[in-house]
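Listed below, chain by chain, are the residues.
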Amino acid sequence: MDDFENKDYSSAEKSRPDYYQPEGNGGYQSSHGSNAQQNQSTYHYSYGNGSQQGPQNSNYYQPKDQGYNYTVPPENKPPKKSNAGKIIIAVLVVCLAVAIAGIVMGITNMDKGDSKSDKETTSAQTQDGEDAAKTNDSESVPLKDKNNNYTVAGVADKVMESCVGITVYSQQADAYNYFYGYGQGGNSSNEPTQSGEGSGVLMSEKDGKTYILTCAHVITDGDSFTVTLSDGKKVDAKMVGVDAQTDIGVLSIDKTGLKIAEFAKSENLVVGEQVVAIGCPGGLEFINSLTSGYVSALARPISSNIGYDNECIQIDAAINPGNSGGALFNMQGQVIGINSSKIAATEYEGMGFAVPSSTAVATANSLIKVGYVEGRAKLGIQYNPITSFNNAGNVIQALEEKGFKDCKGAMVINSVEGNSDLSGKDIKQYDMIVAVNGKTMTSTDVMTSILADSNPGDTIKLTIARIENNTIKTFKVDCKLIESRG
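Not measured: the values here are computed from a predicted model.

Looking now at the sheet that holds strand 3 (residues 163-170). Taking strand neighbours around the barrel as the criterion, the six strands line up as 3-4-5-8-7-6 in a closed arrangement whose pairing is antiparallel. For this sheet the average axis-to-axis angle between neighbouring strands, irrespective of direction, equals 40 degrees. Helix 5 (residues 357-370) contacts strand 4 (193-206), strand 5 (209-215), strand 7 (234-243) and strand 8 (248-253) of the sheet and is inclined by roughly 50 degrees relative to strand 8.

Counting residues in each nonpolar core, the largest one holds 36 residues, and the members touching the most others are Ile 212, Leu 213, Val 227, Leu 251, Phe 329 and Ile 338. In contact with Ile 338, not counting residues within four places along its chain, are Val 201, Leu 213, Thr 214, Cys 215, Ile 248, Gly 325, Gly 326, Ala 327, Phe 353, Ala 354, Val 355 and Ala 360.

Here we come to the pairing of strand 10 (residues 274-279). In terms of burial, strand 10 is largely enclosed, as five of its six residues are buried. Where strand 10 lies against strand 11 (residues 289-303), six bridges are found, and the strand directions are antiparallel. Along strand 11, the bridge assignment pairs Ile 278 with Leu 290. In the sheet, strand 10 pairs with strand 13 (residues 327-329) via three bridges, with the strands oriented antiparallel. In the strand pairing of strand 13, Val 276 is matched with Phe 329.

Enumeration over the complete set of coordinates arrives at twelve salt bridges. For Arg 466, the salt bridge is made with Asp 426, and the minimal N-O distance between the two is 3.5 Å. Of this pair, Arg 466 sits in strand 21 (residues 459-468) while Asp 426 sits in the loop between strand 18 (411-416) and strand 19 (432-436), and the two are 40 residues apart along the sequence. Between Glu 483 and Arg 485 there is a salt bridge; the shortest N-O distance is 3.3 Å. Residue Glu 483 is classed as partly exposed on the basis of its relative accessible area, which comes to 24%. Via salt bridges that share partners, Asp 426, Asp 431 and Arg 466 belong to a single interconnected network.

Turning next to the confidence of the model for the protein. Scored by pLDDT, the protein has a mean of 76; 66% of the residues are at 70 or more. Residue range residues 111-124 is modelled with pLDDT below 50. Its contacts to residues more than four positions away, or to other chains, number 15 contacts.

Definitions and cut-offs
- Residues numbered from 1 in each chain as written.
- Predicted model: local features only at pLDDT ≥ 70, side-chain atom pairs only at ≥ 80, totals over all residues.
- Heavy atoms only, no water.
- Pairing = 2+ DSSP bridges.
- Helix = DSSP H or I, 4+ residues; strand = E, 2+ residues; numbered from the N terminus.
- Axes fitted to C-alpha atoms, helices over the stretch in contact; angles between N-to-C directions.
- Contact = heavy atoms within 4.5 Å.
- Core = buried A, V, L, I, M, F, W, Y, C linked by side-chain atoms within 4.5 Å.
- Buried < 20%, exposed > 50% of the residue type's maximum accessible area, 1.4 Å probe, protein only.
- Salt bridge = Lys/Arg side-chain N within 4 Å of Asp/Glu carboxyl O.
- pLDDT = per-residue confidence, 0-100.

Written out as structure tokens, the structure reads:
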């Protein structure tokens, strides 16, 4: 989608605490480890005893020359009293205290060991030659929290069977025919080739069919489709319809009894709510990959493929090419959006967008029922934005002198449909719609927002500007809106 990601496959981003990998770069890594060596000095402490060399009392033997001499105190002086007895007693007291403390600690540790789970990791050395460290089964991951809401693992457990992968195949014109317009090419079989992959979610079941909700841009250009279920089984699918304005599309398969997803009203979403996105980033190689994040903002205006702005849910959960069409779930395991796009510029990170579930469901139901979105109003014209013309700056300046300030959203009429209310009025090619209901067309959003709030049969007032003889004249025209059917 130009500035927004609109491809159907790519690679998934990694996210670990010990390295970073910026989007759009090939694995630049910043290590947070330390190379400083630890001090390996070891201090040995020992207690002296009678078998070791060293002073044991004040009357010890010392070698002198080649013989042995006894050191004897003078007879007229009493011998000095030895402190050896006191030292021995002190050492014995200390040893006794240490022994008692060790016994107490040993008993305490035995009690603690008895109360621990058998699932702990043990690092004590064994006597029979077994490995000193063992890994055992981990504790079961909780699927619900204390408030009875699903955890992320709980959401995955509940909804994964409702999530599917989509493979798109297209008939590609032979290269020889494409360049020369005649003759036979090398691909005589005319077999469709794979042109893209995306994601989807099982939406509903009716009359022996299961309907898959996805994005319009995933399937619009396809000629045939395959849906890959969560168990790996592949089923042929047919296109039911697409709506470029909301970027919603629907496929169907001739299979029932599958796990249909639950849907919630997206109007109940709040900023900061935790969400889970499931899809196929990078294609079916990574089918049903899960990412989690939070609702960053609501009602973000995001341009669709045909220039209309949709109010989308902004999320920080990782969204990559191939996630398009996949479901965005709340923590009750209900679909609250269809992942559609992301800002793909390298200076942005964590800015994905989803079509709100209320919009997606209403659009899909209408596509299933009649093949188009019922009740949508339109003018019935083909147009080009004024900014696509070389002399746009001069025209916008001239319109500002006429009182239409910053008229960058002016719509230059190219043609009028036969069923449009404007077809019987004085409207010519290159006439410009510069205001609607008195509001200057500062952007095309002015028109699309009015059409979104209108119904077929409603009348709106258009201000038309026409250039004749190097001058601009303006006039007003009433236009009765008609129903858009595609």
